[in-house]
Amino acid sequence: MTATLFLYLLFFQVPGASSKPSGQPAEGPQVVCGSETNTTDSQEVSDFPRVCKTSDRVVVTATRAPLAVEESGVATDVFIAKDFEPARGAFVLNLLRDVPGLSVVQSGGNGALTSVFARGGESDSALVLLDGIPVTEPGGGLDFAHLTSAGLERMEVIRGPESVLFGAEASSAVIQMFTERGDPEARRPHGSLTYERGSFSTDHWTAGLNGGLADRLDYAFTSDQFRTTGEFPNDAFRITNGTANVGFKFSDATQLRAVYRTFDSYTGTPGQVAYGLTNFDANERARDSVVSVRLDDRRGSRFSQRVLFGYHRYRDTFSDNLEEDYNVSAFTKTDGLKTYFAGLAPAGAPGSVPGFGDLFPSSGFTFTDRTSAGYQGTLSHHGGALVFGYDYERQAGSISGTDVARDNNGAYVHEQYALTSRIFVNGGARLEHSTTFGNKFSPRGAITFRLPTETYFRLSLARGIKEPALIENFAHESFFVGNPQLRPEKTDSFEAGLSREWLGKRVRTDVAYFRNRFTDRIEFDFSQNPATWENIARSWARGVELSASGKVWRFVSAHANYTKLYTHNFGNLRDPELVRRPRNAGSVSLEIAPRKWSLMAGARIVGERPEDDFVFSVINRNNGYENVFVNGSFRVTRNVELHVRVDNALDEGYQEVLGYSALSRNATGGLKLTW
């Protein structure tokens, strides 16, 4: 349990610490476009014959009902099927790195613990959903290294609090993934098989099969495995993943769908090899499964309803049986209050800083599960739609060798409405009741103005809440205990954004300013005996996000984004900025994609950021880095495609987390067969 607490504090409690819709769940029978509504049959959003006239980009997660991105009042990024192609990489985190406002931090190579900080929020404040079911641990924790892209065909990223619709874990962002589904009208099954081989003995295969039967049944099955020995000793990683999505249409008005996804993984954890500390024994084994059953029903042309049941279970075992002692020293450089790691030094070298290099045996076990059920109704009306519903969750786990549980009940209402053809409003409120923190109220409101020349200006205010993790409520150890009186962390957010399409909609730009105030932040309080968690911290974050994409020529497109982020952690006098949130970050890419081949080249640039260091103590800043990547594909025949991918093409040595070396230059190539 000691090791579990240490890992928890290190990674989750660091101070301060063309989009045609596809694979979209049907939230209702209509796509609402401001004052105009496109009436369709009961097909999913992915099958709609046409979308909003104001935009071909539709989002559901922002309002729980289909709506044009420009009118949703929130900052949104949508990834579609082509973004999950093998040439783009095997993991979702590669796509998240190109979302402005998100800081993706991986403590090593493939499989290493990966966290996402959204708009200055904590690493456990972004809710992740799979077809509507939360896959985060109760309280918001998630290792993003386990999110593979196989079996996915759509992902929506909403930046900003969404507790009004999704409850007590969506305090800074919502990331929703949608699994691939089959075509009920398919006359024969379709399938694919992909294999790729790369640096560090990396193997990755993916197999998929999808189709339909009798215009009523559709199915899609995917399995994949990623394996690598890694760059360092004890750096092996293996993850095996499977997804099944089956739907049945009772009638044009009523459909039933079941989704199951699971993974099993093994990760060697060599530790802070950049500091000369290699752990030759530590490893982690994780197993995760999520299932959902959903019934969609339409009553007339204006009312639809949904009943959703879900279950998510996560098991994780950490083991380290060896004691290892290292005598390490480091050279540092100092600039005012900022101290940087400049390289390892011979032990005791003049001018060097000695480090704490003792690695102790430890073990830890995590088991959590979440049972959820909900009802949603969508009432379409002239100019908009009213969404209302109720969610229930039972969150359980094993904490300090004891089975614990808590219940959440939430009721919400949300309206989207076009006041005129140029003014769109949406907003709502949620009342959440928990058996641990009582009642909390979460409102949200936004207004969007459609200005001349296809320009949209939005303003929004929102409140998000993030409930404690189970360990924070229920731990019972000899030297630390949980605190059942903890209040949820609170985020109050303001956003102003401006988006525009230029040159006949060939170029799109978006700029957003946000300011978040974080209060009642939960920190571990060592001053008490036994130690516990308290709502004793507060901070703020503000910043500007810029993004642009456009078609440079017939088959040449470019993408770029940039984030400027300022943070302040009250009470930290040495370095008041929140750790692992860079002041400057961005990416740029250029893609050439004629009919038979494609080539993409780009770079992700991350500036220096504050960091906590537990080895040399004095180091509090991490240097910036650039990762240049290239990927390409070539369609040999209609059914055969080759692809190649190179990451860290300039072979830059850097650490996303101090002491944990990122992969050096690595390349992967493979073959995809389809039928």
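Structure: see above.
Residues numbered from 1 in each chain as written. Predicted model: local features only at pLDDT ≥ 70, side-chain atom pairs only at ≥ 80, totals over all residues. Heavy atoms only, no water.

(A) Geometry of the pairing of strand S39 (residues 640–647). Across 7 bridges, the pairing between strand S38 (residues 625–637) and S39 is antiparallel. Bridge pairing in S39 links Gly632 to Val644. Turn length for the S38-S39 hairpin, with the two strands adjacent in sequence and antiparallel, is 2 residues. Across 8 bridges, S39 lies against strand S42 (residues 666–674) in antiparallel orientation. Residue pairing across strands places Leu642 opposite Leu671, the latter belonging to S42. (Pairing = 2+ DSSP bridges. Helix = DSSP H or I, 4+ residues; strand = E, 2+ residues; numbered from the N terminus.)

(B) Seen up close, the pattern of salt bridges. Under the defined criterion, the tally for this structure stands at 44 salt bridges. Arg508 is the salt-bridge partner of Glu70, the closest N and O atoms lying 2.9 Å from each other. Residue Glu70 is located in the loop between strand S4 (67–68) and strand S5 (75–79), and its partner Arg508 is located in strand S31 (residues 507–525); the two are separated by 438 residues in the primary sequence. The exposure class of Arg508 is buried, given its relative accessible area of 14%. Beyond isolated ion pairs, a larger network of salt bridges with shared partners links Asp77, Arg119, Arg159, Arg458, Glu495, Asp510 and Glu545. (Salt bridge = Lys/Arg side-chain N within 4 Å of Asp/Glu carboxyl O. Buried < 20%, exposed > 50% of the residue type's maximum accessible area, 1.4 Å probe, protein only.)

(C) Inspection of the environment of Ser192 at higher detail. Within the secondary structure, Ser192 is located in strand S12 (residues 190–198). Once the C-alpha coordinates of Ser192 and Asn210 are considered, the two residues, 18 residues apart in sequence, prove to be 9.1 Å apart. Excluding residues within four positions of it along the chain, Ser192 makes contact with Thr206, Ala207, Gly208, Lys672, Leu673, Thr674 and Trp675. (Contact = heavy atoms within 4.5 Å.)

(D) Quick peek at the nonpolar core. Ranked by internal contacts, the top residues of the largest apolar core, which has 35 residues, are Leu96, Val128, Phe144, Met155, Val157 and Met177. Listed in part, the 17 residues of the second largest apolar core include Val69, Ile80, Ile158 and Tyr412. (Core = buried A, V, L, I, M, F, W, Y, C linked by side-chain atoms within 4.5 Å.)

(E) The sheet that holds strand S11 (residues 173–179), seen in detail. In spatial order, the strands read S5-S10-S11-S8-S9; together these 5 strands make up an open sheet with mixed pairing. Looking at the sheet topology across the chains shown, the edges are occupied by S5 and strand S9 (133–134). Here strand S10 (residues 152–159) pairs with S11 via 7 bridges, running antiparallel. Residue pairing for S11: Glu156 is matched across the bridge by Gln176.

(F) Representation of the packing of aromatic side chains within the structure. Using the criterion set out here, one finds 17 aromatic pairs in the structure. Plain terms: the ring middles of Phe356 and Phe360 are 6.4 Å apart, the flat faces sit at 40° to each other, and that makes the pair tilted. Phe356 gets classed as partly exposed once you look at its relative accessible area, which sits at 47%. Relative accessible area serves as the criterion here: at 47%, Phe360 is assigned to the partly exposed category. Between the aromatic rings of Phe480 and Phe524, the centroid separation amounts to 6.2 Å while the plane-to-plane angle is 75°, which identifies the pairing as edge-to-face. Separated by 44 residues along the polypeptide, Phe480 in the loop between helix H4 (470–474) and strand S30 (489–502) and Phe524 in strand S31 bring together distant segments of the chain. Accessibility classification places Phe480 together with Phe524 in one group, the buried group. Among the aromatic residues, ring-to-ring pairing joins Phe479, Phe480, Phe524, Phe526 and Trp533 into one connected group. The ring of Tyr340 is capped by Lys333, whose NZ or CZ atom sits 5.5 Å from the centre of that ring. Its guanidinium or amino end placed over the ring of Phe570, Arg538 lies 4.1 Å from that ring's centre, counting from NZ or CZ. (Phe/Tyr/Trp six-rings, centres within 6.5 Å; stacked < 30°, edge-to-face > 60°. Lys NZ or Arg CZ within 6 Å of the ring centre and 35° of its normal.)

(G) Spatial organisation of unusual backbone geometry. A cis amide bond links Asn529 to the next residue, Pro530, at an omega of 0°. Its location among the elements puts Pro530 in the loop between S31 and strand S32 (532–553).

(H) Summary view of the side chain of Asp288. Inspection of the secondary structure puts Asp288 in strand S17 (residues 283–299). Within the buried core, Asp288 has no salt-bridge partner, and the shortest N-O distance to an opposite charge, that of Arg261, equals 7.3 Å. At a separation of 2.5 Å, a polar atom in the side chain of Asp288 contacts the side chain of His312. (Lys, Arg positive; Asp, Glu negative; His and termini not counted. Polar contact = N/O pair within 3.5 Å; in protein donor to acceptor, adjacent residues only side chain to side chain.)

(I) Representation of the side chain of Ser633 in the model. Within the secondary structure layout, Ser633 lies in strand S38. Residue classification places Ser633 among the buried positions, given a relative accessible area of 15%. A distance of 2.7 Å separates the side chain of Ser633 from the side chain of Ser598, its partner in a polar contact.

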